[in-house]
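An overview of the molecular structure
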There are 2 protein chains.
Amino acid sequence: VNAKKITGPSSGFPELLPELRRVEQQWLDTIRQSFEAYGFASIETAAVEEVATITAKGEDVDKEIYGLRRLREAAQDMQPSSLGLHFDLTVPLARYVSQHYNELNFPFKRYQIQKVWRGERPQEGRYREFTQCDIDVVDNNELALHFDAEMPRIVLKIFDRLGIDDLVTHINNRKIIQGYYLGLGITEPMPVIRCVDKLDKIGPDGVRQTLQTQLQMSDDIIDKCLQLAAIKTADSSFAAQVEGLGIHNEVLDAGIRELRFVMDSLANLRSGSVLANLAIARGLDYYTGTVFEGKFTTYPEFPTIFAGGRYDNLLGSYFNRKVPGVGISIGLTRMLLKLYKEGRIHPAEQCPTDVLLIHTPESSYAALVARAEALRDNGINVEIYHDPGKKTGQQIQYANRKGIRYALFTNTGSDEIKDLVSGTQLPIDIQAWQPDRTSSYQTRIVPSARQAGGKPAD
Amino acid sequence: VNAKKITGPSSGFPELLPELRRVEQQWLDTIRQSFEAYGFASIETAAVEEVATITAKGEDVDKEIYGLRRLREAAQDMQPSSLGLHFDLTVPLARYVSQHYNELNFPFKRYQIQKVWRGERPQEGRYREFTQCDIDVVDNNELALHFDAEMPRIVLKIFDRLGIDDLVTHINNRKIIQGYYLGLGITEPMPVIRCVDKLDKIGPDGVRQTLQTQLQMSDDIIDKCLQLAAIKTADSSFAAQVEGLGIHNEVLDAGIRELRFVMDSLANLRSGSVLANLAIARGLDYYTGTVFEGKFTTYPEFPTIFAGGRYDNLLGSYFNRKVPGVGISIGLTRMLLKLYKEGRIHPAEQCPTDVLLIHTPESSYAALVARAEALRDNGINVEIYHDPGKKTGQQIQYANRKGIRYALFTNTGSDEIKDLVSGTQLPIDIQAWQPDRTSSYQTRIVPSARQAGGKPAD
């Protein structure tokens, strides 16, 4: 494992070598298939948006947006950029839906797998260009709570299929926090929410101090806030614990009802994979109900891997309709590079080639091409070695270096295929032969338990 | 067909509705599978490069590059951008190979499917953000001519699989033009090459006038140049025609030998799909041998759909080695939107869903989820209708609107599936059932002949 290999044209713009890119492609395929298994349709929005559109939500990220100007124009005047690169895929979705409202059918279930850009200070887990995988559902007027419950199911299916066993989905509902705070007499809950959301980072004492000094809250009220935030249950039993705190409020009740529905719907998932965690709030102002946050249990200090929630009013801010939504965004680049750095991904192949056709001075190039095309027609990936002047041993060496498993010899009377893993060489029927793709050359993902046991498995 | 639907956040940044995006995804899958069938490995380079890197080749496109600055920094000072968005994928490949030279195995065969950005004036076929699909092979010191011959074979396979029958690959070799011009006594061939390359646009009289007025060339020499440019053959017979012009030069001979090898290697391809066209030069300075250009025969005025060639010295300009390359780039966005506008693409589905599970007040949601997961485990894409309050007819209407072919009824004693195309409803075994995906709902591509016959087929 060589973390140095993750370099790019400029700091914060990671690039992968072909063998790790193959893993990324397999992951992207799995994610796409999983999104489609639940009926989500793909869209892509332009990377370039009007700055006015993407700064409209007033988040911290505004300052980190990359503005764009053509070099030709920038050389002529010093106007500010009116175009910028998108920093997420939720705001562009809102703009897309408002623009194409009459051409879409609702509920509109879309997935979007694209690069986004943020001019953050590059550090572990934070990049300036990275790939996000988003699913969202938006609907007219009302959006069924079934979709909130479906989101953690979909992401868990993805991680199971990827072989990643140490990601947990923390789930909460903004209405619980807001209703509870309102019931406590806190009339402006948002600043308190943002502070308690940092519990993980600054601890209960840090939260207490901030609430005391910045918001002049009493110790009693702070205690009550911290009691709510301490509730974590693997099922719907959080509800009894909240009710035990003795606060009554209609919004709180609605939140408990919603989170209970979500947790009950997920009761049959793998044990420990979801957690009702009443400390989770997410920083973004636009969430109104369910909120999700996915973290590695093995690397508790590492940033969130996926996150999302319910936003009932975000799209309405782009046009005069009620279009509630719920979604989740997976930080693919961060997840891939972390597991690679930790030695849990062992890429094995530098190319998709199954078979290398050995090319000798006696070979007819046209005959090699015909054999290659016959194999390709059966879905097999084939290269013809390019230089008949090279010895067979050198051609095999090329296959070994790139992780190509099979070599085909065509000038031995019959077509013979050599398995470079087992060393066996046998005649084949070129019309019928299929490669074994479950070979030891395949990329392996090491589960967290083996990893935690000591050095990376080999 | 509604060309209006191709809009985006800003002029020149096209966006697709979900049904056309599905076609684009199918095309991208076909292109990727075809590239991989020939052993090409995927890489992605960062969209963001140092401006100094991407302007180093000194092409016209420089002025159209989008420079980037974080809004925060741009608000503080008026420095020029040191970062920019890539405008092609060849220059980034050169930078990537020079950066990772010691970690790659050669010949390095890579494909790259990514967005690129050019601040051109938006018009038909020209966009500011679009997707390119590139394959290139680069090698140390020498690069086998086999790879030049393989490029048109790969793109033709792609277009055949996409059902596009009216694209022709025009092939030439820069050495033929350069050697012939040198043989004519033209010591600086490049300005002449650039002028003759416009033959298609300005005609022989236009070329003659430009060569006379701007380069002070004699009529005799111009005649000889135009005679070479008029040679177009479907096979290697171009060689005899060139030799018949009576010009002798070593570089010319090498060019004829190379182009003959390429044309002979392609002799078994579909008739009319490749053409030795000695007028083709490509504007870019860095091509040194084979050049390719792909055009629609049905829309002769429409810009080039794919193009490429051999560049023996481009990578060497980034570091002190000889690393020749050859490649081709397909303009996917341009090709897709042109055929859509011409009524030759009929998208049919707004989502990947195969089956909609009908949800009634009597349904158990948990039982629906279990059935949906059983189908998904068999690779079937499934949605559970979200609102049990809606009548069955309304749920079926939702399926029809989105192009979902099947509806599953679970509360009729047994599981029954209704084919919404044929109208038949039958009991099924949920563990064994598979959808018919070759249905009339599928997207159709209309061949050029039917299109040329009159109005779009229906």
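Data block above holds the structure.
Residues numbered from 1 in each chain as written. Chains lettered and ligands numbered in written order. Predicted model: local features only at pLDDT ≥ 70, side-chain atom pairs only at ≥ 80, totals over all residues. Heavy atoms only, no water.

**Some remarks on the overall build of chain A**
The helix and strand tally for chain A stands at 15 helices and 19 strands. Dimensions of chain A along its principal axes, counting C-alpha atoms only, are 90 × 60 × 40 Å. Across the 458 residues in chain A, those meeting the buried criterion constitute 61%. For chain A, the share of sequence-separated contacts (at least 6 apart) that also reach a separation of at least 24 residues comes to 70%. When the accessible surface of chain A is split by element, carbon and sulfur atoms take 47% of a total near 17900 Å². When the 53 positive and 59 negative side-chain charges of chain A are each reduced to one mean point, those points stand 4 Å apart. (Helix = DSSP H or I, 4+ residues; strand = E, 2+ residues; numbered from the N terminus. Buried < 20%, exposed > 50% of the residue type's maximum accessible area, 1.4 Å probe, protein only. Contact = heavy atoms within 4.5 Å. Areas by Shrake-Rupley, 256 points an atom, 1.4 Å probe, with all protein chains shown as cover. Lys, Arg positive; Asp, Glu negative; His and termini not counted. Charge placed at Lys NZ, Arg CZ, Asp CG, Glu CD.)

**Regarding the interface of chain A and chain B**
The parts lose accessible area when they come together, and the size of an interface is often stated as this lost area. The partner chain B presents 92 residues to the 91 residues of chain A that form the contact. Taking both sides of the interface into account, the surface hidden between chain A and chain B amounts to around 7900 Å²; carbon and sulfur atoms contribute 50%. It is A:Arg70, A:Leu71 and A:His386 that lose the most area in chain A upon contact with chain B, and together they represent 8% of the buried surface on that side. Taken together, the links from chain A to chain B amount to 17 salt bridges. Note that B:Glu373 is salt-bridged to A:Lys157, the shortest N-O span being 2.6 Å. There are 46 residue pairs in polar contact (both at pLDDT 80 or more) connecting chain A and chain B. Considering every element that reaches the side of chain A that touches chain B, the biggest residue donor is helix H1 (residues 18-37) of chain A, with seven residues. Classifying every residue of the side of chain A that touches chain B gives 39 nonpolar, 21 polar and 31 charged. Bridge count for strand E3 (residues 66-70) of chain A against strand E3 (residues 66-70) of chain B is five bridges, and the pairing is antiparallel. Within E3(B), the residue paired with A:Gly67 across the bridge is B:Arg69. (Buried area = accessible area lost by both parts, 1.4 Å probe. Salt bridge = Lys/Arg side-chain N within 4 Å of Asp/Glu carboxyl O. Polar contact = N/O pair within 3.5 Å; in protein donor to acceptor, adjacent residues only side chain to side chain. Nonpolar A, V, L, I, M, F, W, Y, C, P; charged D, E, K, R; others polar. Pairing = 2+ DSSP bridges.)

**Description of the relation of the copies chain A and chain B**
For the pair chain A and chain B, the superposition axis carries a translation of 0.0 Å, the fit reaches an RMSD of 0.0 Å, and the rotation angle comes to 180 degrees. Such a combination of rotation and displacement between the chain copies is what one expects of a two-fold axis. No C-alpha of chain A lies nearer the rotation axis than that of A:Leu68, which sits 2.4 Å from it. Interface overlap between copies is the fraction of interface residues in one copy that are interface residues in the other; for chain A against chain B it reaches 100%, indicating a shared surface. (Least-squares fit on C-alpha atoms with pLDDT ≥ 70 in both.)

**What about the packing of aromatic side chains?**
Following the criterion strictly, the structure yields 27 aromatic pairs over all chains and no others. Plain terms: the ring middles of A:Tyr286 and A:Tyr311 are 5.9 Å apart, the flat faces sit at 75 degrees to each other, and that makes the pair edge-to-face. Of the two residues, A:Tyr286 sits in the loop between strand E9 (274-277) and strand E10 (290-296) while A:Tyr311 sits in strand E11 (residues 306-311), which places them 25 residues apart along the sequence. Across this residue pair, the class does not change: A:Tyr286 and A:Tyr311 are buried. When the centroid spacing of 6.4 Å and the interplanar angle of 15 degrees are considered together, the rings of B:Tyr96 and B:Phe108 count as stacked. Note that B:Tyr96 is positioned in helix H4 (residues 90-99) and B:Phe108 in strand E5 (residues 108-117), a separation of twelve residues in sequence. (Phe/Tyr/Trp six-rings, centres within 6.5 Å; stacked < 30°, edge-to-face > 60°.)

**Digging into the side chain of A:Gln25**
Its location among the elements puts A:Gln25 in helix H1. The residues touching A:Gln25, leaving out its near neighbours within four places in the chain, are B:Arg32, B:Glu36, B:Ser42 and B:Tyr111.

**Some points on the nonpolar core**
A general trend in soluble globular proteins is that nonpolar side chains are found buried together. Grouped together as the largest cluster of nonpolar side chains are 87 residues, with contacts concentrated most on A:Trp27, A:Phe35, A:Phe159, A:Tyr181, A:Phe238, A:Ile330 and A:Met335. For this core, the element with the highest residue contribution is helix H5 (residues 145-162) of chain A, accounting for nine residues. Residues within four places of A:Phe159 in sequence aside, it is in contact with A:Ile164, A:Leu167, A:Phe306, A:Ile330 and A:Met335. Counting residues in each nonpolar core, the second largest holds 86 residues, with B:Leu16, B:Leu162, B:Leu199 and B:Val207 among its members. (Core = buried A, V, L, I, M, F, W, Y, C linked by side-chain atoms within 4.5 Å.)

**Here we look at the sheet that holds strand E1 (residues 41-42) of chain A**
Residues and elements named next belong to chain A. In space, the nine strands of this open sheet follow the order E1-E5-E6-E12-E11-E10-E7-E9-E8, with mixed pairing throughout. If you trace the sheet from one side to the other, it starts and ends with E1 and strand E8 (232-233), each paired once. Note that strand E7 (residues 167-173) and E9 share three bridges and pair parallel. In the sheet register, His170 faces E9, and the bridge partner there is Leu275.

**Describing the pattern of salt bridges**
All names here are of chain B. Enumeration according to the criterion identifies 67 salt bridges over all chains in this entry. Here Arg32 ties to Glu36 by a salt bridge, and the two come within 3.5 Å at their closest N and O atoms. Remark: Glu36 and Arg32 occur in helix H1 (residues 18-37); sequence separation between them is four residues, near one turn of the helix. For Glu36, a relative accessible area of 12% puts it in the buried group. Glu124 is paired through a salt bridge with Lys338; the nearest N and O atoms lie 3.1 Å apart.

**Thoughts on unusual backbone geometry**
Residue and element names in this part refer to chain A. Cis geometry marks the peptide bond from Phe106 to Pro107; its omega dihedral reads 0 degrees. Tracing the backbone shows Pro107 in the loop between helix H4 (90-99) and strand E5 (108-117). In this structure, Asn141 takes a positive phi of about 65 degrees despite not being glycine. With respect to the helices and strands, the residue Asn141 is situated in the loop between strand E6 (129-138) and H5.

**A word on the packing of helix H6 (residues 174-183) of chain A against helix H7 (residues 189-196) of chain A**
Residues and elements named next belong to chain A. Taken N-terminus to C-terminus, the directions of H6 and H7 make an angle of 120 degrees; their axes are 10 Å apart at the nearest point. On the basis of the axis angle, H6 is oblique to H7. Between H6 and H7 the crossing geometry is right-handed. Together, Arg174, Ile177, Gln178, Tyr181 and Leu182 of H6 and Pro189, Met190, Val192, Ile193 and Val196 of H7 make up the contact between the two elements. Grouping the amino acids of the contact of H6 with H7 by side-chain chemistry returns eight nonpolar, one polar and one charged. (Axes fitted to C-alpha atoms, helices over the stretch in contact; angles between N-to-C directions. Parallel < 35°, antiparallel > 145°, perpendicular 65-115°, else oblique. Left-handed = near helix turned anticlockwise from the far one by under 90°.)

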